[in-house]
Amino acid sequence: MKVKNLIQKINPRSFISDYLIALGVPENEIEDYINPVNVKYQSPWDYPNMKLACEMVHDVAVNPESKIGVLLDSDTDGIMSVTAIVELLKSISVNPIVFHHPKKSHGLSVDIFNQVEDSNLDLLIIPDAGSNDGAACTRIASRGTKILVLDHHEITKPNPNSIIINPHMNKTHLNTKLSGAGVASKFVDAYCEKYGLNPIYTKDLVACSIISDVCDVTVLENRKYIYDGLNNIQNPFLKFLFEKAKEASPHTIGWTIAPKINALFRVESDIATVFEGFINPSAIESAYKECNRTYNASRKITNEITKDLVIDEQKNCAISFVENENASFTGLLANRILDTTKKPTFVLRDKDDKVYTGSMRSPIEFASILNSSRLCRAEGHEKASGIVIEKENYDAFLKWLDAQNFDLEPTEDIAGQLSPRNINLFLCEQIESNKQLWANQILEPRFSTTLRIKNTDVALFKKTSTTFKVEKNGVAFIKFQLKEDEVQKIESTKQLKIDVIFTLGINRYNGTETPQGMIQEWTIDEDDGEDMF
């Protein structure tokens, strides 16, 4: 277990600021970052083409005979983006056609293209995608359809037949780390301002999209959206989902809301029913039921596929293949294999006779390394990306991987070392009261220490799974779901040396508050006393 201390000495009084600076928040923005009440949003009018976009939509929308379509992209950001646009259109008495993909895909892909083209639209709005769909947009535009793209992805291909709103068109001055819903929100704000409409609130939608799309939250504007959006949730379905989760926090979005929404695009689902919940309060109950049904179905299918997976574990990677019908599960499966093997993992399928495609997950930054081989193409994040491999290059790709000498044990960035005697309630309260800060790149603070204990000091609670608990200097350290070999090692070793990475919280019981460390990772060894002094 290798760790890198971001802070050399933990000072409870300045910890929050010290930690944010260590993670890349500029020092001169710290006060505003922690409390962004007075932070100003970038003006939507700073975006190229905004005036043209507003005028184009207005010219079509004022004609009651016009047909307007909106394309819903296949993830949480896509749903948040389209919700913002549909709320705007409804406010001007336009009921658009909402197109959604029958499976997990993005933009004007082949699975949705014919349906859009055959609809003979006057206007097509593509939020959260479309910048690089030049050929598809040209063909649709040739039928007289005007096209507005509201996107946040890098622009790599020309798209001359669309009006594009995208922060990458002015990288120097615009927030290129904004989500698709953020760009849609900018357009909604601009349109309402230009045509004297009552403002339409969308910041709660943007907050959810920034978290779910893992946008860079060290950017002050993104922090502002999260702060405002989570402190004022107005969309009725979002409010319902947060109430069910009992907490309006980035953690709730990332671990409860987004997984349920994203499951809609992995299994057969009634996406229209769920989307209706975001724009029609009377549809919330049925939308929630469908979210839960598809989430449970997705988990069941993932478990079933996992049982039958054949994993080829090699020196520097693990590889598995799935059928095309399970294409939407490759990322989830790769995560599971990575958890087991601790090696870069590829879950692939046959795209066609010439190409494998799928997902890559890695314990270390790996996408750029893969692309340097020129034997594959990895697109996405460094540790989590899609991957494409020409079949004729597959054997050479494996040979190249085998020849490399990677250090596959990641160095964990932690806040710093913290012995139990230096843990106090004030530090725990600081961390707990700022939980809205812990999102995406700003992980909940983790600390490391070494616990030297007797196994007789340990409480093991065995039910459906085993929980570990030990107290040290008034701090309770807890770990859930122990593996059988971990239980055996603890029970058979009298003197234990346990290196732990943990988060801090507060245990509240019978009116008493005490510090609590939740163990995230550990290594268990026999304590030989060699490095005590």
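A quick note: this is a predicted structure, and the numbers were derived from the prediction, not measured.

J.: So, the overall build of the protein chain: which residues are in play, and what are the values?
T.: Along the protein chain, the regular secondary structure elements total 18 helices and 20 strands. Expected size for 533 residues packed as a compact globule is a radius of gyration near 24 Å; at 25 Å, the protein chain falls within 12% of this value. In terms of principal-axis extent, the alpha carbons of the protein chain reach across some 80 × 55 × 45 Å. Looking at the protein chain as a whole, 51% of its 533 residues qualify as buried. Sequence-distant contacts in the protein chain: of pairs separated by 6 or more residues, those separated by 24 or more amount to 67%. Accessible area for the protein chain stands at about 25,600 Å²; split by element, carbon and sulfur atoms hold 46% of it. Counting 59 positive and 74 negative side-chain charges, the protein chain places the averaged centre of each group 2 Å from the other.

J.: A description of the sheet that holds strand 2 (residues 68-72) should follow, citing residues and the corresponding values.
T.: As summarised here, the arrangement of the five strands in space is 3-2-4-5-6, forming an open sheet in which the pairing is parallel. Two strands in the sheet have a free side with no partner beyond their single neighbour: strand 3 (97-100) and strand 6 (163-165). Averaged over all pairs of adjacent strands, the angle between strand axes in this sheet comes to 20 degrees, irrespective of strand direction. Examined bridge by bridge, strand 4 (residues 123-127) and strand 5 (residues 146-150) share five bridges and lie parallel to one another. Note that in strand 5 the partner of Leu123 across the bridge is Lys146. Against the sheet, helix 5 (residues 110-117) makes contact with strand 2, strand 3 and strand 4, and its axis sits at roughly 160 degrees relative to strand 3, the strand it touches most.

J.: An account of the pattern of salt bridges is requested, with residue identities and associated values reported.
T.: Under the criterion given, the structure shown has 21 salt bridges. Put simply, Glu491 and Lys462 hold a salt bridge, and the shortest N to O gap is 2.8 Å. One end of the pair, Glu491, is in helix 18 (residues 484-492); the other, Lys462, is in strand 16 (residues 459-462), with 29 residues separating them in the sequence. Residues Lys497 and Asp499 are paired through a salt bridge, measuring 3.6 Å at the closest nitrogen-oxygen approach. This pair shows no difference in class: Lys497 is buried, exactly as Asp499 is. The network of salt bridges with common partners includes Glu117, Asp118, Arg139 and Arg143.

J.: Would you mind going over the packing of aromatic side chains in detail, with residue names and values included?
T.: In the structure shown here, the tally under the stated rule is 19 aromatic pairs. Their ring planes at 75 degrees and their centres at 5.2 Å tell us that Phe366 and Phe406 sit as a pair that is edge-to-face. Remark: Phe406 occurs in the loop between helix 16 (394-403) and strand 13 (411-414) and Phe366 occurs in the loop between strand 10 (355-361) and helix 15 (367-372); sequence separation between them is 40 residues. Judged by centre distance (5.2 Å) and plane angle (85 degrees), the ring pair of Phe477 and Phe502 falls under edge-to-face. Pair noted here: Phe477 is in strand 18 (residues 475-479) and Phe502 is in strand 19 (residues 495-509), with a separation of 25 residues, a long-range link. When its relative accessible area of 0% is taken as the criterion, Phe502 is described as buried. Connected via pairs of aromatic rings, a cluster forms that spans Phe15, Tyr19, Trp438, Phe447, Phe477 and Phe502. Here the basic side chain of Arg13 rests over the ring of Phe426, its NZ or CZ set 4.1 Å away from the ring centre. Positioned above the aromatic ring of Tyr33, the side-chain terminus of Arg223 is 5.7 Å from the ring centre.

J.: Run through the sheet that holds strand 8 (residues 318-321), naming residues and quoting values.
T.: Reading across the sheet, the six strands line up as 7-8-9-10-12-11 and stay open at both edges, with mixed pairing between neighbours. One side of each edge strand has no neighbouring strand; the edge strands of this open sheet are strand 7 (312-313) and strand 11 (377-380). Two strands pair when backbone bridges link them, and strand 7 and strand 8 are joined in this way by two bridges, in the antiparallel orientation. Residue pairing in the sheet places Glu313 in a bridge with Ala318 of strand 8. The sheet strands contacting helix 16 are strand 8, strand 9 (345-350), strand 10 and strand 12 (384-390), and the helix crosses strand 12 at an angle near 125 degrees.

J.: For the pairing of strand 5, give the residues involved together with the corresponding values.
T.: Within strand 5, four of the five residues are buried, which leaves the element mostly enclosed by the surrounding structure. As for the winding sense of the linkage, the β-α-β connection from strand 4 through helix 6 (residues 134-141) to strand 5 is right-handed. Judged from the three bridges that link them, strand 5 and strand 6 form a sheet pairing that is parallel. Across the sheet, residue Leu150 finds its bridge partner in strand 6, namely Ile165.

J.: An account of helix 5 is needed here, citing residue identities and associated values.
T.: Since the α-helix turns once every 3.6 residues, residues separated by three or four places project in the same direction. What helix 5 keeps buried is the set Ile112, Phe113, Val116 and Glu117. Down the axis of helix 5, the buried side of the element spans an arc of 130 degrees, and every buried residue falls inside it. On its buried face, helix 5 sits against strand 2, strand 3, strand 4 and helix 6.

J.: Just give me the short version of empty space enclosed by the protein, but keep the residues and values in it.
T.: In this structure the tally under the stated criterion is one cavity of 30 Å³ or more. Together, Tyr33, Val217, Arg223, Ile226, Gln436, Leu437 and Ala439 line the largest cavity. Of the residues that constitute the lining of the largest cavity, the class distribution is five nonpolar, one polar and one charged.

J.: Could you give an account of the layout of surface pockets, naming the residues involved and the relevant values?
T.: Approximately 500 Å³ is the volume found for the second largest pocket. Gln417, Leu418, Ser419, Ser448 and Thr449 are, among the 21 residues lining the second largest pocket, the residues nearest its centre. Counting residues per element, the ones that place at least two in the lining of the second largest pocket are strand 15 (447-454) and strand 19. At five residues, the largest contribution of residues to the lining of the second largest pocket is made by strand 15.

Parameters and conventions
- Residues numbered from 1 in each chain as written.
- Predicted model: local features only at pLDDT ≥ 70, side-chain atom pairs only at ≥ 80, totals over all residues.
- Heavy atoms only, no water.
- Helix = DSSP H or I, 4+ residues; strand = E, 2+ residues; numbered from the N terminus.
- Rg over C-alpha atoms; globule rule 2.2 N^0.38 Å.
- Buried < 20%, exposed > 50% of the residue type's maximum accessible area, 1.4 Å probe, protein only.
- Contact = heavy atoms within 4.5 Å.
- Areas by Shrake-Rupley, 256 points an atom, 1.4 Å probe, with all protein chains shown as cover.
- Lys, Arg positive; Asp, Glu negative; His and termini not counted.
- Charge placed at Lys NZ, Arg CZ, Asp CG, Glu CD.
- Pairing = 2+ DSSP bridges.
- Axes fitted to C-alpha atoms, helices over the stretch in contact; angles between N-to-C directions.
- Salt bridge = Lys/Arg side-chain N within 4 Å of Asp/Glu carboxyl O.
- Phe/Tyr/Trp six-rings, centres within 6.5 Å; stacked < 30°, edge-to-face > 60°.
- Lys NZ or Arg CZ within 6 Å of the ring centre and 35° of its normal.
- Right-handed = clockwise from strand over helix to strand, strands pointing away.
- Arc of directions from axis to C-beta.
- 1 Å grid on protein atoms, 1.4 Å probe; cavity = no way out; pocket = protein on both sides within 12 Å on 5 of 7 lines; lining within 4 Å.
- Points joined across faces, edges and corners; volume = space filled by probe spheres on them.
- Nonpolar A, V, L, I, M, F, W, Y, C, P; charged D, E, K, R; others polar.

Keep in mind that these numbers describe shape and distance, not what the molecule does.
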